[in-house]
Amino acid sequence: MSLILISSERFAEHMTPPGHPESPERAEVMDVVAAGWRGRGGEVVAPREATREQLARVHTPEHLRRMAEANGVALALDPDTYTSPETYEVALLSAGAAIDAVERVMGGSHKRALALSRPPGHHAERDRVMGFCIFNNVAVAAAHARTLGARRVAIVDYDVHHGNGTQHIFEHDPDTLYVSTHQYPYYPGTGAADEVGYGAAAGRTVNLPLEVGATDDDYREVFEAVVLPVLRQFRPDLVLVSAGFDAHVRDPLAGMRVTTAGFVAMTAALRAVAEEVCEGRLAAVVEGGYDLRALRECLEAVVDLLAFDEALAVQWPACDIASSRGRDTVRQAKSSLAKYWTIL
Ligand SMILES: [Zn+2]
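Notes on the structure in this doc start here. (Residues numbered from 1 in each chain as written. Predicted model: local features only at pLDDT ≥ 70, side-chain atom pairs only at ≥ 80, totals over all residues.)

A count of helical and extended segments in the protein gives 10 helices and 10 strands. Computed over C-alpha atoms, the radius of gyration of the protein comes to 18 Å, within 12% of the 20 Å expected from 2.2 N^0.38 for 344 residues, which places it in the range of a compact globule. Projected onto its principal axes, the C-alpha coordinates of the protein cover approximately 50 × 45 × 40 Å. For the protein, buried positions account for 55% of its 344 residues. (Helix = DSSP H or I, 4+ residues; strand = E, 2+ residues; numbered from the N terminus. Rg over C-alpha atoms; globule rule 2.2 N^0.38 Å. Buried ≥ 20, exposed ≤ 12 C-beta atoms within 10 Å, placed from the backbone.)

Structure follows, in structure tokens:
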């Protein structure tokens, strides 16, 4: 089969305080999704821990040392990022799952992989934890892909939050494209359209800030006008997806109105563009998503569409809510990025 899932029952051992949205129940949802896939004859493997060498490509020695010291200890590292005694090992497995996904896809044993990582990663900076994230799983995966022969890697982040950590880690790297759709202004505060990267990497950061309330139709608009054309022009050797499902209409943290069918369409569009530019190589790494029912629905739907072996048509759901948010975002992208990319 084209798809492999990377999942660990240990992801539930990372404990957060009662009522914290990044709860161990999220890992239980992912276990159910993995078991469902296994029950259909699909392949699920347990990750290995990411190594120090793999993490050190994107994190500072101080950050790695501080996290190793947190092994076995419960700490509040920032106002919303906590460790329990098992967190360090679980976070190594979470980053390791992203690594494993990339190895399968770059090695050619599977066309597509989904890492059911927890804790998430995209807020983690080179030198510190942030926003529930300990290590930047997708950044670790992108750096690893480069060592396996990928000359250019694209990361598309449709989590509702801007992936500040991922942007900062790669904003000087012309060979790593970072594209993010996110609610804006909103946590973490970064991700304005005019943040485009530096020097030779100018234009390789593509921020698509969307006003609160954006719908499937707004996301369709920015995908068709910016995300997909930029991917076609960049021609990566691998597409990575920071797959957060907290732009879902039912999500308790954010204020977007994306439906499960909208997430399916976004993921299908990324799968299709990967077929066009890099022989289909795509690895998705789970980020946020805090409504447990929405998380399960989205993950099961994404597994279905990544598993499907035939070519598939991208079907954006009909949307009857009129909104100009997507068009506003495309306008901003044109004014910041027209120097670097042809935007439709
Ligand atoms: Zn998020």
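Right, picking up where we left off after that structure.
What follows is about the pairing of strand S9 (residues 238-243). Judged by how many residues are buried, S9 sits mostly within the fold: six of six residues are covered. Going residue by residue along S9, you find Leu238, Leu240 and Ser242 tucked away on one face and Val239, Val241 and Ala243 tucked away on the opposite face as well. Pairing geometry for strand S6 (residues 153-157) and S9, over five bridges, is parallel. From the neighbouring strand, Ala154 faces S9, where its bridge partner is Val239. With five bridges connecting them, S9 and strand S10 (residues 282-286) associate as parallel partners. Its bridge partner lying in S10, Leu240 is registered against Ala283. (Pairing = 2+ DSSP bridges.)

Moving on to the environment of Arg232. Mapped onto the elements, Arg232 comes out in helix H7 (residues 216-234). Spatially, the C-alpha atoms of Arg232 and Glu53 are 32 Å apart, while their sequence positions differ by 179 residues. The residues touching Arg232, leaving out its near neighbours within four places in the chain, are Val273, Glu276 and Val277. (Contact = placed C-beta atoms within 7 Å.)

What follows is about the sheet that holds S9. Pairing is parallel in the open sheet, where eight strands are placed in the order S2-S1-S5-S10-S9-S6-S7-S8. Because the sheet does not close on itself, it has two edges, and the strands there are strand S2 (43-45) and strand S8 (205-210). Each strand of the sheet is rotated relative to its neighbour by a mean of 15°, with strand direction disregarded. Two strands pair when backbone bridges link them, and strand S1 (residues 3-6) and strand S5 (residues 112-115) are joined in this way by four bridges, in the parallel orientation. Its bridge partner being in S5, Ile4 is matched across the sheet by Ala113. (Axes fitted to C-alpha atoms, helices over the stretch in contact; angles between N-to-C directions.)

Next up on the list: the packing of helix H4 (residues 87-107) against helix H5 (residues 137-147). Taken N-terminus to C-terminus, the directions of H4 and H5 make an angle of 35°; their axes are 8 Å apart at the nearest point. Both H4 and H5 take part in a crossing whose hand is right-handed. Across from Ser94, Ala95, Ala98, Ile99, Ala101, Val102 and Met106 in H4, the residues of H5 making contact are Asn137, Val138, Val140, Ala141, His144 and Ala145. Counted by class, the contact of H4 with H5 contains 10 nonpolar, three polar and no charged residues. (Left-handed = near helix turned anticlockwise from the far one by under 90°. Nonpolar A, V, L, I, M, F, W, Y, C, P; charged D, E, K, R; others polar.)

Ala101, Ala141, Leu240, Ala283 and Val285 are the most contacted members of the largest nonpolar core, which totals 110 residues. Here the element with the most residues in this core is H4; it accounts for 13 residues. Leaving out residues up to four positions away in the same chain, Ala101 has contacts with Ile6, Ala113, Leu114, Ala115, Ala141, Ala283 and Val285. (Core = buried A, V, L, I, M, F, W, Y, C linked by C-beta atoms within 7 Å.)

With that settled, the discussion passes to unusual backbone geometry. Trans peptide bonds make up most of the peptide bonds, and negative phi angles are found at most residues other than glycine. A cis amide bond links Tyr184 to the next residue, Pro185, at an omega of -5°. Inspection of the secondary structure assignment puts Pro185 in the loop between strand S7 (176-183) and S8. The amide bond that connects Tyr187 to the next residue, Pro188, takes the cis arrangement and shows omega of 5°. Among the structural elements, Pro188 can be located in the loop between S7 and S8. In this structure, Phe132 is a non-glycine residue whose phi angle is positive, near 75°. Judged by the 25 C-beta atoms lying within 10 Å of it, Phe132 falls in the buried class. The phi dihedral of Glu279 falls on the positive side, at around 55°, and the residue is not glycine. Considering the arrangement of structural elements, one finds Glu279 in the loop between helix H8 (260-278) and S10. Given 13 C-beta atoms within 10 Å, Glu279 falls into the partly exposed group.

Keep in mind that these numbers describe shape and distance, not what the molecule does.
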